[in-house]
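The chain contents come next:
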Amino acid sequence: MIKNYFLIAIRNFWKHRIFSIINIAGLAIGISAALVIYLLVSYEFSFDKFHKDRERIYRVVSKLDFPDQVIRNGGVCSPLPAAVKREVTGLEVSAAFHLYNGDIKVTPGAPDGKTKPVFKNQPAIIFADSSYFRLIDYKWLAGSPETSLSEPFRVVLSESRARVYFPGKDITTIPGNSITYDDSITATVTGIVKDFDQPTDFTFKEFVSLATVTSTGLKNSMGWDEWGSVNSSSLFFVKLIKGITVTQIEKQLASLRTKYAKDDYMKTQNLLQPVSALHFSNDYDSFANREAHKPTLFGLLAVAAFLLLLGCINFINLTTAQAAMRTKEIGIRKTLGSSRAHLIGQFLGETFLLTLLATVVSILIAPGILKMFSDFMPPELKFTIAGQPGIIIFIIVLIIAVTLLSGFYPALVLSKFKPAQVIKNQSQVYSGKTRKALLRRSLTISQFVIAQFFIIATILVSKQIQYAINKDMGFRKDAIINFSAPWNAPGKDKRFVLLNKLQAIPEIAMVSLGGSTPAAFGYSSTTMKYNDGKKEIETTVGIKYADDTYFKLYNMQLVAGRLPLQNDTVVTEYIINETFAKFLGFKTADQAVGKVLDRGEKKVPISGVLKDFHDKSIHSAIKPLAYSNVKGNSSTYHILLKTGNGDKTAWKKAIAKMESDWKEVYPEFEFKYSFFDKTIESFYKAEQNISRLLVWATGLTIFISCLGMLGLVIYTTTQRAKEIGVRKVLGASVSQIVSLLSKDFLQLVILAFIIAAPLAWWVMNKWLADFAYRTQLNWWIFIMGGFIMIFMALFTLSIQTVRAAITNPVKSLRTE
């Protein structure tokens, strides 16, 4: 019987091969999207699942309550971990570690004195103690977790890093070798641990003993004893004793701050963040190479569900539409004794076979999709079925779910026909007045509602991105290159030596040595006060550093006063932005000039006021900002290149000369630069990724929807061939017949637009609310979306309707 069902299914697929291809294509697109998205989402949610007692491990984070804003930081003040170990109860383990950031130079050595190659810009290095290895379980290949980091100047390596530093050596013989960091700290290798083979944010490769910090000058640069400074590189994890609650620990942390940080103007709170939230730590700094965004992942799941749904709708529509073609077969089978259950089983079997074929196609194209989106897919993500039980189970569940969703209703419809009626050809399966036709119309409308929603969303997201990138930020951003002097360069300060060399390059228009660019990812702030004689005004103020050339280079406009006079070490003046001046209560910028700000114990006058500009992406509103005049805090070079000289290679020459000068001054450090306008664009990388995904999702939804419409119009023209022939004989023109055949389908598209437009308006308004400055949600966006869908529908319909309209009526009438 199964063999018979299989042969009948193959025969039907071949007989109606156009509809079979349409069904397979629609389902394959939906299934491949679901496979890729499942792979990505399951990967992102699998991070750090393997840690022992992970439900009791937390990161201690900091919430800083400034007068007019809240800042969240993933780090803690450096003295907190030691105080917690002494005074907080209820913890099984507390482990502090400090990120070793910057362009780290590493020189491995050997006991025989042979010098190993020098490694520059080494990442994933931390300062930790033995508590870290009690909290995070590693497999030890050499050494022991209890003693390897118990003393200063010791280091534990991961297996991969050990093989890089000491190639060809047996792992067990590597302990005892020395490693020198930045030509100043020499540590002895005391242990080797195996790299994690599961997804984790703990991707560190070198663990230098934390006691090394207190034994070197690093202690001073890390604010080791400062309770009033929160450092995102100073990380602290705790493991709670069973039965102890988060609230109990947070109360003790608050008591510690009250005891030791009495002058904490930031009103810092230390909170516990579960280790399961680390990978999605969008509110707090992440120490990982990358972090995931839960709303985006859920959005991707919704896209996969929509694409699958569209494929299933196509199948339901085409199968129920073809029901009239199989009525005699069903009548004969029932007359010969087939039960309704047997018929349902047969039709579900046909659906299963089609779904299986679609799944095979989707598995073949899934690697191509992954490669297509490789620039924002995790590099570790590979599509392979071998050794992946999770993917195999998902594929099986997906096949069964799609089979039932697509095939169950058509199977019920086909199996309920009465033999006497269908043999007499009295079935009204495709009557426009039947409930089946109404269902098909409803499902078709649903398809185009989804498609038109995606079209409108894609247009608006692209419009907002273009608005953000092209918006006047309040400063020049083209033809500017930025790079920073290395903070850990040996010897005397060479920043101004390089500055003088850069100023001599003829292809450079201007050079400034200052702090960060006008708009940057990083943010430095402090609290300032102003007394207007009636009340004291306090607020959080962003702090930047600049020389005189900086403001001219970026074409920043001075609206009152003058630029601050330069000073080597002490802040003597501030130039503030208009927002800060207005916040302080001044009606005009001139009124702010000469007034004095209180910054702690210092009183600093305002020398001038800058016109407002965006110091962050347009997600954020412009906030109070002040520039100071301290040369000692300047480490970033701002280069304005000459333009308009007709030499297309001028910029390349300038960059080559800059690199040459850099290597003369800092021969041990790599020359790394960035174009400022590209930095501005990177503010909106997430939106650009969303836009790209929306373009593909929109294209696929339109393609699947139009596939379904093509299938229905092919069936309709086939069923109405005699009617079309009669109309042509009676004088109907091609355009009249095309209009007649297209009218019903276009009505469905227009009805779908009426439903989709308000839905898209509501959702996109919510999305735009995340931007402090945003584009307009214009009426033409919706009209354009509607016209795009109508055009695609007309194009799809014309493929078959024009062909049917120009067919010789004699042929259709004779064959009918």
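Relevant structure appears above.
Quick look at the structure, then.

## Here's the deal with the overall build of the protein chain
Right, on to step 1. Each helix and strand counted, the protein chain has 25 helices and 23 strands in total.
Right, on to step 2. Dimensions of the protein chain, computed from the C-alpha atoms along their principal axes, are close to 100 × 65 × 55 Å.
Right, on to step 3. Counting every position in the protein chain, which comprises 816 residues, the buried fraction comes to 50%.
Right, on to step 4. Sequence-distant contacts in the protein chain: of pairs separated by 6 or more residues, those separated by 24 or more amount to 80%.
Right, on to step 5. Split by element, the accessible area of the protein chain, about 38100 Å² in all, is 58% carbon and sulfur.
Right, on to step 6. Computed over 94 positive and 64 negative side-chain charges, the separation of the two mean positions in the protein chain equals 14 Å.

## Focus on the packing of aromatic side chains
Right, on to step 1. Applying the stated criterion across every chain, the model contains 44 aromatic pairs.
Right, on to step 2. Geometrically, the ring pair formed by Phe50 and Phe196 is tilted, given 5.0 Å between the ring centres and 55 degrees between the ring planes. Remark: Phe196 occurs in the loop between strand S9 (185–193) and strand S10 (206–209) and Phe50 occurs in the loop between helix H2 (17–44) and strand S1 (57–65); sequence separation between them is 146 residues.
Right, on to step 3. According to the relative accessible area criterion, Phe196 is partly exposed, its value standing at 23%.
Right, on to step 4. Members of the aromatic cluster, connected to one another through ring pairs, are Phe50, Phe97, Tyr132, Phe133, Tyr138, Trp140, Phe196, Phe202, Phe204, Phe207 and Phe237.
Right, on to step 5. The residue whose ring lies beneath Lys294 is Phe280, and the NZ or CZ to ring-centre distance is 5.0 Å.

## What to know about the pattern of salt bridges
Right, on to step 1. A full pass over the atoms with the stated rule returns 20 salt bridges.
Right, on to step 2. Here Asp195 ties to Lys205 by a salt bridge, and the two come within 2.9 Å at their closest N and O atoms. Note that Asp195 is positioned in the loop between S9 and S10 and Lys205 in the loop between S9 and S10, a separation of 10 residues in sequence.
Right, on to step 3. Its salt-bridge partner being Asp532, residue Lys535 comes within 3.6 Å of it at the nearest N-O pair.

## Notes on the nonpolar core
Right, on to step 1. Core analysis: the biggest nonpolar cluster contains 76 residues, and Phe475, Phe551, Tyr554, Met556, Tyr627 and Met789 have the highest contact counts within it.
Right, on to step 2. When residues of this core are assigned to their parent elements, the largest contribution, 16 residues, is made by helix H14 (residues 435–470).
Right, on to step 3. Look past the residues within four positions of Met789 in its chain and what remains in contact with it is Phe448, Ala451, Gln452, Ile455, Ile702, Cys706 and Val749.
Right, on to step 4. Listed in part, the 45 residues of the second largest apolar core include Tyr58, Tyr100, Ile125 and Leu253.

## Some points on the pairing of strand S20 (residues 602–610)
Right, on to step 1. Here strand S17 (residues 558–561) pairs with S20 via three bridges, running antiparallel. Bridge assignment links Gly561 to a residue of S20, and that residue is Gly608.
Right, on to step 2. Two elements, strand S18 (residues 574–577) and S20, share four bridges in a ladder whose sense is parallel. If you follow Asn577 over to S20, its bridge partner there is Leu610.

Rules used throughout
- Residues numbered from 1 in each chain as written.
- Predicted model: local features only at pLDDT ≥ 70, side-chain atom pairs only at ≥ 80, totals over all residues.
- Heavy atoms only, no water.
- Helix = DSSP H or I, 4+ residues; strand = E, 2+ residues; numbered from the N terminus.
- Buried < 20%, exposed > 50% of the residue type's maximum accessible area, 1.4 Å probe, protein only.
- Contact = heavy atoms within 4.5 Å.
- Areas by Shrake-Rupley, 256 points an atom, 1.4 Å probe, with all protein chains shown as cover.
- Lys, Arg positive; Asp, Glu negative; His and termini not counted.
- Charge placed at Lys NZ, Arg CZ, Asp CG, Glu CD.
- Phe/Tyr/Trp six-rings, centres within 6.5 Å; stacked < 30°, edge-to-face > 60°.
- Lys NZ or Arg CZ within 6 Å of the ring centre and 35° of its normal.
- Salt bridge = Lys/Arg side-chain N within 4 Å of Asp/Glu carboxyl O.
- Core = buried A, V, L, I, M, F, W, Y, C linked by side-chain atoms within 4.5 Å.
- Pairing = 2+ DSSP bridges.

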